Amino acid sequence: MKDDQLTPGRRKVLRAAAALGLAATAGCAGADPSTAPGPTAPSAAAAGPPAARALKPSAYRLQPMAGHGPPRAPRALPRVRKAPILRLDRRDRSMVLTFDDGPDPRYTPAILRTLREYDVRAMFFVCGEMAADSPDLLREMADDGHLIGNHTWNHPLLPKLSRAATRRQIESTCDVIEHLTGEPPAWFRAPYGAWNRNAFQLGAEYGMEPLAWTVDTLDWTEPGAKAIVRRVYAGAAPGVVVLSHDAGGDRSGTVDALRTYLPDLLASGYRITVPNRYAT
C-alpha cells in the first residue's frame, strides 16, 4: 500500500508515533549533563613520597567510552611468567639498550640526544615519582619512539612489600606513564632485579611483560666510561639486553660511554632495536 493510499485511521497512528519519537529525541538532547549519572573516580594512594601533582584516576579501573565511537578493546593480557625475559629470541645482530631509574634532567637529555643522533630506539624503565617530576622528559622519550617501561614508583625491594603495597607501586606508575604519554606501559622491570610471585602476577594483570637483562654494565657503581664501554663490547651478541641507568647517581660515565659504544656497535653491523611484546 502506498502512502497516499493510507486510511485516515492509519495516518493518525503514524502521526502519533512520529510525535512521540521527536519528543524522546528532544528529551535526550536537552538533558542536563550535570545531573546525568556517571562513574566516580577512585582515589589512588601512591606508595612512597607523594608525586609533584595529584595522580589521575586509574585508567585500569575506569575506561569510559569516548563520544559515540565503540569502546576501546581491552588489551590482551600476557601470561604470568615464573622468570623474567633475559634476552630476545633473535637470530640477527639485534641488541636492546635499556636505561633504568629516570628520567633525570641531569643525564636523560644527553642520552636522548645521542640516541636521536644515530636514529636509535631504546627502552627506559622509569620510576613513577621521577616521571611525575619531569613530565616533559617522559613525553620527549615517547615522541622519539622509545619504549617506556614501569620500574615502580620509588624503587623499593619488592619481596619486602605486601601485595597491596606492590600493587600501589605498579599501578601508580602505570597511571603516570599513560597520563603523560597516552599509552600504558607494556613492560615491567623489578628494582634490583628482585622478582617474586606478586611482581609477576601483578605485572601481567596490568598488561606488562617482565624484562630483565643479559649484560649489566655495572654503571651504578660509577666505574667510569671506559669500564662501561668494555663491558658492553664484551657482552655484545645477538639478542642481548644491556642494562644501564640514567638516574640514581652520577651517570656522566653512562652518558660518555654511550657516545663511544653506540656508533661502534652500529658500524660493526649490530642493529639496536626494541622488543615486540607479542613476539617474546
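Quick summary incoming for the structure in this document.

Definitions and cut-offs
- Position numbers for residues count from 1 along each chain, tracking the sequence in the order it is written.
- Two thresholds apply to this predicted model, a pLDDT of at least 70 for residue-level local features and 80 or more for giving and counting side-chain atom pairs, whereas whole-chain, interface and lining totals are computed over all residues.
- Working from all heavy atoms in the structure, the side-chain values ignore hydrogens and water.
- For each residue, the accessible area found with a 1.4 Å probe, counting protein chains only, is set against the maximum for its type, and the residue is called buried under 20%, exposed over 50%, and partly exposed in between.
- Only runs of H or I of at least four residues qualify as helices and only runs of E of at least two qualify as strands under DSSP, and these elements are numbered from the N terminus.
- Whether a crossover is right-handed comes down to one check: with the strands pointing away from the viewer, does the path from the first strand over the helix to the second run clockwise; if it does, it is right-handed.
- Strands pair, by our definition, only if DSSP identifies at least two bridges between them.
- Residue contacts are defined here by distance: any two heavy atoms, one from each residue, within 4.5 Å place the two residues in contact.
- Salt bridge criterion: a side-chain nitrogen from Lys or Arg within 4 Å of a carboxyl oxygen from Asp or Glu.

1. A short note on the pairing of strand β2 (residues 123-126)
- Of the two faces of β2, the one lined by M123 and F125 and the one lined by F124 and V126 are each fully buried.
- In this fold, the crossover linking strand β1 (residues 94-100) to β2 by way of helix α2 (residues 108-117) has right-handed handedness.
- Pairing of β2 with strand β3 (residues 147-150), which is carried by four bridges, proceeds in the parallel orientation. Among the inter-strand pairings, V126 is bridged to a residue of β3, identified as N150.

2. Quick look at the environment of L161
- Relative to the assigned elements, L161 resides in the loop between β3 and α5 (163-181).
- Note on L161: relative accessible area 26%, which makes it partly exposed.
- Here the alpha-carbon distance between L161 and N198, two residues 37 residues apart in the chain, equals 9.4 Å.
- Discounting chain neighbours no more than four positions away, the residues touching L161 are P156, T166 and Q169.

3. Examining the pattern of salt bridges
- As enumerated under the stated definition, the model contains nine salt bridges in all.
- Residue R271 pairs with D92 through a salt bridge whose shortest N-O separation is 3.5 Å. A residue pair is termed long-range when its members are at least 10 positions apart, and R271 in strand β8 (residues 271-272) and D92 in the loop between α1 (8-29) and β1 qualify at 179 residues.
- On the basis of relative accessibility, which here comes to 29%, the residue D92 falls in the partly exposed class.
- Among the salt bridges present, the one from R139 reaches D136, with a minimum N-O distance of 3.1 Å. Residue R139 and its partner D136 are both found in helix α4 (residues 135-143); the two are separated by three residues, about one turn of the helix.

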